[in-house]
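# Descriptive analysis of the structure
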Amino acid sequence: MSDFIVIGGGIAGISAAARLSELGSVTVLEAEEALGYHASGRSAAMFEESYGNPAVVALNKASSDYHHNANGGYLTPRGFMLVAGPGEEDGFAADIAELDLHKIHIDDAYARVPILNPASVTMAALHEDAQDLDTDRMIQDFARVVRGAGGQVITRAEVTAIQHSGSGWQVTAGGRAYEGKQLINAAGAWVDRIATLAGVAPIGITPKRRSMARLPAPGGHDVTKWPMMMGVGECWYAKPDAGKLLVSPADADPVDPHDAFADDMVLAEGLARYEEKVTEPVTRVESNWAGLRSFVSDGALVLGADPDRPDFIWCAAQGGYGFQTAPAASRLLRDLVGGKTPELDRDIIAALSPERLR
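Just so you know, these numbers come straight off a predicted model, no measurement behind them.

This paragraph deals with the overall build of the chain. Looking only at helices and strands, the chain has nine helices and 20 strands in total. In summary, the chain has a C-alpha radius of gyration of 21 Å against a globular reference of 21 Å for 358 residues, a match within 12%. The dimensions of the chain, computed from C-alpha atoms along their principal axes, are 70 × 40 × 40 Å. Counting only residues that meet the buried cut, the chain has 55% of its 358 residues in that class. Considering only contacts in the chain between residues 6 or more positions apart, those separated by 24 or more positions represent 72%. Of the roughly 14,900 Å² of accessible surface on the chain, 48% is carried by carbon and sulfur atoms. Taking the average location of the 31 positive side-chain charges in the chain and that of its 48 negative ones, the two points are 5 Å from each other.

Okay, structure coming up:
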């Protein structure tokens, strides 16, 4: 019997498993053939401290040192630039305040991204400290910690049944039974389904689709040093990636849990919003995909023991903030489970607790 069974091998589950391996034996069960298959494998891979509501931002800030320094660091400079045009003044000002940006001269914006259209981009703001995040290496490093502590990371292990007994939990996955004293629900878009199997009340998770297209470098430009760009109200964003440009319509359409794929019409509308701000038309989409970002009603993560079943631990509702928050979120989960006083403020812990949803 393991001390902990973690259901879900995305960044939430594998980071929680690595931290909990300090407290006891861990078994990670992932339904897919590899870790980080769903939302974690389809991330925009950015660290932007000011992105999210106050509880999320607190986790971002508490994760910063880990992102910068652990295992040689996971960050490389990128920058984040908001662009806007005539008629978007109010939204531009609101985004600057919310995202803690500073306004820059428009000529500076054109110098950073030479394809911006002067007719439709007349204002810009910047956050220099936004960074690219090496998401794959982070997942593998957390998995290495689990295995190094003697834990198991088992893929192709879809959970089909969960039973509670006097000694803990029995989980049937991939045709095998696994036993653990405590159950960590880190199943992403499927967390409510896992809770139902376990006889625990759901938290009201809503998976929302986020689509992405990979474009050739516009006009043959070297996009390597371009910042990530966003339209007002996050109506689209674009980010350099391996010499190409990723463009998203920033969609957030509620859907049922599934292996997500991009909606062609939604993608086309988002690409059109991006095209309005640049001089280079979209002539070819090399590939496209989608992921599910899962939220509860207040947009904050859900971390900690279920109020009605203390040996059922929620690690859920990462939304679009899973990698940004993982170091601090997993540390908080470890402290709560281990009975250690967390480093975060009480108000933040309460804002993340499952109890707020009951």
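Having seen the model, we can carry on.
By domain assignment, the chain separates into domain 1 (2-70 + 134-202 + 298-357) and domain 2 (80-127 + 207-295). Interface area, domain 1 with domain 2, both sides summed: about 1,700 Å², of which 57% is carbon and sulfur. At the junction of domain 1 and domain 2, the tally comes to five residue pairs in polar contact (both at pLDDT 80 or more). Taken together, the residues that form the side of domain 1 that touches domain 2 break down as 10 nonpolar, seven polar and three charged.

This part takes up the sheet that holds strand β8 (residues 131-133). Overall, antiparallel pairing links the three strands, which are arranged β3-β8-β4 in an open sheet. Of all strands in the sheet, those bounded by a partner on one side alone are β3 (46-47) and β4 (75-77). Relative to β8, β4 runs antiparallel, the two being bridged by three bridges. Note that in β8 the partner of Pro77 across the bridge is Gln131.

All right, on to the side chain of His127 then. Assignment of secondary structure puts His127 in strand β7 (residues 123-127). If near-sequence neighbours (up to four positions away) are discounted, His127 is found in contact with Glu48, Gly79, Phe80 and Leu101.

What follows covers helix α3 (residues 89-99). Within α3, the full set of buried residues consists of Phe92, Asp95, Ile96 and Leu99. Buried residues along α3 cover an arc of 100° about the axis, so they all sit on one side. The exposed residues of α3 that point more than 90 degrees off its buried face are Asp90, Ala97 and Glu98. Of the surrounding secondary structure, the elements contacted by the buried residues of α3 are β5 (80-84), β6 (102-104), β7 and β14 (228-231).

Next up on the list: the pairing of strand β2 (residues 26-29). Residues Val26 and Val28 point to one face of β2 and Thr27 and Leu29 to the other, with burial holding for every one of them. The pairing of strand β1 (residues 2-7) with β2 spans four bridges and is parallel. By the bridge assignment, Val6 is partnered in β2 with Val28. You can see the chain leave β1, run along helix α1 (residues 11-20) and come back into β2, and the turn it takes is right-handed.

The phi torsion at Asn71 lies on the positive side, around 55°, for a residue other than glycine. Mapped onto the secondary structure, Asn71 falls in the loop between α2 (54-69) and β4. Positive phi, normally seen in glycine, also occurs at Ala250, with a value near 55°.

Here is what the cut-offs are and how they apply
Residues numbered from 1 in each chain as written. Predicted model: local features only at pLDDT ≥ 70, side-chain atom pairs only at ≥ 80, totals over all residues. Heavy atoms only, no water. Helix = DSSP H or I, 4+ residues; strand = E, 2+ residues; numbered from the N terminus. Rg over C-alpha atoms; globule rule 2.2 N^0.38 Å. Buried < 20%, exposed > 50% of the residue type's maximum accessible area, 1.4 Å probe, protein only. Contact = heavy atoms within 4.5 Å. Areas by Shrake-Rupley, 256 points an atom, 1.4 Å probe, with all protein chains shown as cover. Lys, Arg positive; Asp, Glu negative; His and termini not counted. Charge placed at Lys NZ, Arg CZ, Asp CG, Glu CD. Domains from an automatic or database assignment. Buried area = accessible area lost by both parts, 1.4 Å probe. Polar contact = N/O pair within 3.5 Å; in protein donor to acceptor, adjacent residues only side chain to side chain. Nonpolar A, V, L, I, M, F, W, Y, C, P; charged D, E, K, R; others polar. Pairing = 2+ DSSP bridges. Arc of directions from axis to C-beta. Right-handed = clockwise from strand over helix to strand, strands pointing away.

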